[in-house]
Amino acid sequence: MSSEMIDLLLKSFWETCYMVGASTLLATLIGLPLGVILTVTRRDHILPNQPLNTVLGAVVNATRSTPFIILMVAIIPLTRFIVGSSIGTTAAIVPLTISAAPFIARIIESSLLEISPGVIEAAEAMGASPMQIITKVLIPEARHSIVLGVTLAIISLIGYSAMAGTLGGGGLGDLAIRYGYQRFQMDVMVATVVVLIFMVQAMQSLGDWLSKKLNKNKL
Amino acid sequence: MIDLVNVAKTYYSKAGDIKALQPTDLHIRSGEIFGIIGLSGAGKSTLVRCINMLERPSSGQVFVDGQELTKMSEKELRKVRRSIGMIFQHFNLLASRTVYDNIAFPLEIQGLSKSEIAKKVQPLLELVQLEDRADYYPSQLSGGQKQRVGIARALASDPKVLLCDEATSALDPQTTKSILDLLQNINKKLGLTIVLITHQMEVVKAICDRVAVIENGVIVEQGSMVEVFTQPQHPTTKEFTKSVINAELPEIIKKMALSDTYEEGSKLIVRLTFLGDSAGEPIVSGMVKRFDVEVSIIYGNIDQLKDTPFGILIVEVAGEKNNIAAALDYLHARELKTEVIGYEL
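Let me begin by describing the structure that accompanies this report.

What counts, and at which threshold
- Residues numbered from 1 in each chain as written.
- Chains lettered and ligands numbered in written order.
- Predicted model: local features only at pLDDT ≥ 70, side-chain atom pairs only at ≥ 80, totals over all residues.
- Heavy atoms only, no water.
- Helix = DSSP H or I, 4+ residues; strand = E, 2+ residues; numbered from the N terminus.
- Buried < 20%, exposed > 50% of the residue type's maximum accessible area, 1.4 Å probe, protein only.
- Contact = heavy atoms within 4.5 Å.
- Areas by Shrake-Rupley, 256 points an atom, 1.4 Å probe, with all protein chains shown as cover.
- Lys, Arg positive; Asp, Glu negative; His and termini not counted.
- Charge placed at Lys NZ, Arg CZ, Asp CG, Glu CD.
- Pairing = 2+ DSSP bridges.
- Buried area = accessible area lost by both parts, 1.4 Å probe.
- Salt bridge = Lys/Arg side-chain N within 4 Å of Asp/Glu carboxyl O.
- Polar contact = N/O pair within 3.5 Å; in protein donor to acceptor, adjacent residues only side chain to side chain.
- Nonpolar A, V, L, I, M, F, W, Y, C, P; charged D, E, K, R; others polar.
- Expected span 1.5 Å × (residues − 1).
- Axes fitted to C-alpha atoms, helices over the stretch in contact; angles between N-to-C directions.
- Left-handed = near helix turned anticlockwise from the far one by under 90°.
- Arc of directions from axis to C-beta.
- Patch = residues over 30% accessible without salt bridge, like charges linked within 9 Å, V, L, I, M, F, W, Y side chains within 5 Å.
- Core = buried A, V, L, I, M, F, W, Y, C linked by side-chain atoms within 4.5 Å.

1. Details of the overall build of chain B
Thought 1: What chain B contains, in helices and strands, is twelve helices and 15 strands.
Thought 2: Considering only C-alpha atoms, chain B reaches an extent of 85 × 50 × 35 Å along its principal axes.
Thought 3: Within chain B, the proportion of its 345 residues that are buried is 53%.
Thought 4: Looking at chain B alone, contacts between residues at least 24 apart form 69% of all its contacts between residues at least 6 apart.
Thought 5: Summed over all atoms, the accessible surface of chain B reaches about 16,000 Å², with 48% contributed by carbon and sulfur.
Thought 6: A gap of 9 Å separates the mean positions of the 39 positive and 44 negative side-chain charges of chain B.

Pasting the structure below:
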């Protein structure tokens, strides 16, 4: 592989990191409150609100059931409105965020639901407000499980980011398609896949390590 | 300290309404340890949660320390709950916090500064004897230690009332005893009113001043613990007390051929029940010395109801007819319960 190709590979790697990093951050910022609302508005939880729960749940489900490639095309006007263009690495962040946010919301919901009702009741008995229960009980108690969930989201975002590449988003997926597939450069294809495998492995190990560090249930 | 007036709780559901608590009156005095005993599903959990309004009663009024909780908004309730501590069967500690931070939790909620919190947590760690475990996480503690943390946490905001929801049910007998000792200790030391719900008779027997027996959402009997235990009225109470105080006659006496009246050469079988100070009286030697009778003990059981000694003795009295009669009169004149079971031939 020429040094030119290596430069290109490195550039694509950073593009992927940028897309995945930015969309993970944004999707978590949206998904965390969404997941919290989905949890606490349940019938037996601290702020029951059935209509809100049902509507929000439906929106989340609808977004999650739309295939990413279709979502990406469908929201082009929105992307153009936010970023100013529908092509490019930054533009790819919009559909990536929108597809990952409901996923993260569900992951956070299921993490928060693992917390025993007794612990929440104890906090209520001490006079904690719903907001204090969310910030001081629910999220800290579920953090190790949330970290694992976000790791899962990062890994699927790495996969999605490759698809975003096909709409001019750049990144490793784009490189693999344009050089590896369309120009029959097998070495580029292999190198891209190896880098992707390495990224996924690294993220999973990091997530596992951090989650284990935060988990005080088994010491 | 705590007054429940006509408090009832019904859970409404499509499958049918469940009356967890029938209209109930309960008065708990300041500084006492009050036990509520019942089988699972009897409504005791609902009852105790009505006291701090974790369950809003469907009807009736709840007063704690002169304030009517049933009239309050959620916000006002949150403030009042700080003066009502609660501990739980499964401890309900925060797994992600150390022992120290668990005890600090209610204080954090109240917005106290770090130095104020430190000032309160340290003596509590000492009170529950966990000074050397401050930096441990709950998963590194035994059940008894976890409950000690729960108690310290409940005491952090200087409550006037402590609610104990099956606090010892998940613990082994020895640990149960140490937790009960601790509860009794803080009851005396801090003058804390303790409400304790349990299905364990031993717990009530060990520390309660007064007790209420609950069944199917109804309080079927209440009163001083010693009275309820020694003279149970309701069948449920009798069933409960049986495990602790055996009112039934031992097998060996049931098998005896007994007659109701004295016949030549027969021996008197009598059951003596001692309570409180009378337990210290030398009854047996008193009989032997005063009257020419022989006394042998067939069955004996001495127990303690909180601070009150309680004993049952079944004795056989042998001798002349007149002497036996005189001994019986002597027993009747003492401060104890004397029941003639019969005369053995």
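2. Topic: the overall build of chain A
Thought 1: Helix and strand content of chain A: nine helices and zero strands.
Thought 2: In sequence order, the secondary structure elements of chain A are arranged as α-α-α-α-α-α-α-α-α.
Thought 3: For chain A, the spread of C-alpha atoms along the principal axes amounts to about 65 × 45 × 25 Å.
Thought 4: The buried share of chain A, taken over its 219 residues, is 48%.
Thought 5: Once local pairs closer than 6 in sequence are excluded, the contacts in chain A between residues at least 24 apart make up 74%.
Thought 6: For chain A, the accessible area works out to roughly 10,900 Å², and carbon and sulfur atoms hold 69% of it.
Thought 7: Looking at charge distribution, chain A has the averaged site of its 14 positive side-chain charges lying 2 Å from that of its 12 negative ones.

3. As for the pairing of strand S3 (residues 33–37) of chain B
All names here are of chain B.
Thought 1: Burial analysis of S3 places five of its five residues in the buried class, the great majority of the element.
Thought 2: Where S3 and strand S8 (residues 193–198) come together, five bridges link them in parallel fashion. Within S8, the position partnered with Phe 34 by the bridge is Val 195.
Thought 3: Bridge analysis of S3 against strand S9 (residues 210–215) gives four bridges, and the strand direction is parallel. Each residue of the ladder has a partner; that of Ile 36, found in S9, is Ala 212.

4. Some points on the interface of chain B and chain A
Thought 1: Facing the 23 residues of chain B at the interface are 23 residues of chain A.
Thought 2: When chain B packs against chain A, close to 2,000 Å² is buried across both sides, 58% of that on carbon and sulfur atoms.
Thought 3: Per-residue buried area on chain B facing chain A is highest for Arg 78, Ser 96 and Ile 109 of chain B; these three make up 27% of the total on that side.
Thought 4: A salt bridge links Glu 121 of chain A to Arg 49 of chain B, with the shortest nitrogen-to-oxygen separation between them at 2.4 Å.
Thought 5: Applying the counting rule to chain B against chain A returns eight residue pairs in polar contact (both at pLDDT 80 or more).
Thought 6: Contributing elements (two or more residues each) for the side of chain B that touches chain A: helix H2 (74–81), strand S6 (84–88) and helix H3 (99–109) of chain B.
Thought 7: Among the elements that line the side of chain B that touches chain A, the one with the most residues is H3 of chain B, at four residues.
Thought 8: Broken down by class, the residue content of the side of chain B that touches chain A amounts to eleven nonpolar, five polar and seven charged.

5. Quick notes on helix H4 (residues 114–127) of chain B
Residue and element names in this part refer to chain B.
Thought 1: With 14 residues, H4 should cover 20 Å at 1.5 Å per step; its first-to-last C-alpha distance of 20 Å lies within 8% of that length.
Thought 2: Buried residues in H4 make contact with H3, helix H5 (143–155) and helix H6 (173–190).
Thought 3: One or two steps after H4, the chain reaches Gln 129, where phi turns positive at roughly 55°.

6. A word on the packing of helix H1 (residues 3–40) of chain A against helix H9 (residues 186–214) of chain A
All names here are of chain A.
Thought 1: It is at 11 Å that the axes of H1 and H9 come closest, and there the two elements cross at 35°. The hand of the H1/H9 crossing is right-handed. From H1, Met 5, Leu 9, Phe 13, Thr 16 and Cys 17 reach across to H9, where they touch Val 188, Ala 191, Thr 192, Val 195 and Met 199.
Thought 2: In terms of residue class, the contact of H1 with H9 is made up of eight nonpolar, two polar and no charged.

7. A closer look at the sheet that holds strand S5 (residues 67–68) of chain B
Residues and elements named next belong to chain B.
Thought 1: As summarised here, the arrangement of the four strands in space is S2-S1-S4-S5, forming an open sheet in which the pairing is antiparallel. What marks the edges here is a single partner per strand, and that holds for strand S2 (18–28) and S5.
Thought 2: Alignment of strand S1 (residues 2–11) against S2, held across seven bridges, turns out to be antiparallel. Looking across to S2, one finds that Lys 9 is bridged to Leu 21.
Thought 3: Most of the contacts of helix H1 (residues 44–51) go to S1, to which it runs at about 125°, and overall it touches S1, S2 and strand S4 (59–64).

8. With respect to helix H12 (residues 321–333) of chain B
Side chains that are three or four residues apart share a direction in an α-helix, a result of its 3.6 residues per turn.
Residues and elements named next belong to chain B.
Thought 1: The end-to-end C-alpha separation of H12 is 19 Å, in line with the 18 Å expected for 13 residues at 1.5 Å each.
Thought 2: Those residues of H12 lying buried are Ile 324, Ala 327, Leu 328, Tyr 330 and Leu 331. Each buried residue of H12 lies within a common arc of 155° when the element is viewed along its axis, so the set occupies one face. Of the exposed residues in H12, the ones pointing more than 90 degrees away from its buried face are Lys 321, Asn 322, Asp 329 and Ala 333.
Thought 3: Contact partners of the buried residues in H12: strand S12 (267–275), helix H11 (283–290), strand S13 (293–305), strand S14 (308–319) and strand S15 (337–344).

9. Side note on a nonpolar patch on the surface
Thought 1: A cluster of nonpolar side chains, contributed by Leu 25, Leu 26, Leu 29 and Ile 30 of chain A, occupies part of the molecular surface with about 390 Å² of accessible area.
Thought 2: Counting through the fold element by element, Ile 30 of chain A comes out in helix H1.

10. Side note on the sheet that holds S14 of chain B
All names here are of chain B.
Thought 1: What the five strands build is an open sheet, ordered S11-S15-S12-S14-S13; its pairing is antiparallel. Edge strands, defined here as strands with exactly one partner in the open sheet, are strand S11 (258–259) and S13.
Thought 2: Two strands pair when backbone bridges link them, and S12 and S15 are joined in this way by seven bridges, in the antiparallel orientation. Bridging from a neighbouring strand, Thr 273 pairs with Lys 337 of S15.
Thought 3: Its contacts with the sheet put H11 on S12, S13 and S14, and the angle it makes with S13 is roughly 165°.

11. Topic: the nonpolar core
Thought 1: The biggest cluster of nonpolar side chains holds 81 residues, and the ones touching the most others in it are Leu 26 and Leu 69 of chain B.
Thought 2: Of all the elements, helix H7 (residues 130–164) of chain A adds the most residues to this core, at twelve residues.
Thought 3: Setting aside chain neighbours within four positions, we find Leu 69 of chain B in contact with Ile 51, Asn 52, Met 53, Val 62, Val 64, Leu 77, Val 80 and Ile 84 of chain B.
Thought 4: By size, the runner-up hydrophobic cluster in this structure holds 53 residues, among which are Ile 151, Ile 186, Val 203 and Val 213 of chain B.

12. Concerning the side chain of Thr 241 of chain B
All names here are of chain B.
Thought 1: Summarising the element assignment, Thr 241 is placed in helix H9 (residues 235–242).
Thought 2: Take Thr 241: its relative accessible area is 4%, and that puts it in the buried class.
Thought 3: At a separation of 3.1 Å, a polar atom in the side chain of Thr 241 contacts the main-chain carbonyl oxygen of Lys 238.
Thought 4: Setting aside its immediate chain neighbours within four residues, Thr 241 contacts Met 201, Val 228, Phe 229 and Pro 232.

13. Examining the side chain of Arg 78 of chain B
Thought 1: Counting through the fold element by element, Arg 78 of chain B comes out in helix H2.
Thought 2: Nearest to the buried, unbridged Arg 78 of chain B among oppositely charged side chains is Glu 74 of chain B, at 4.6 Å.

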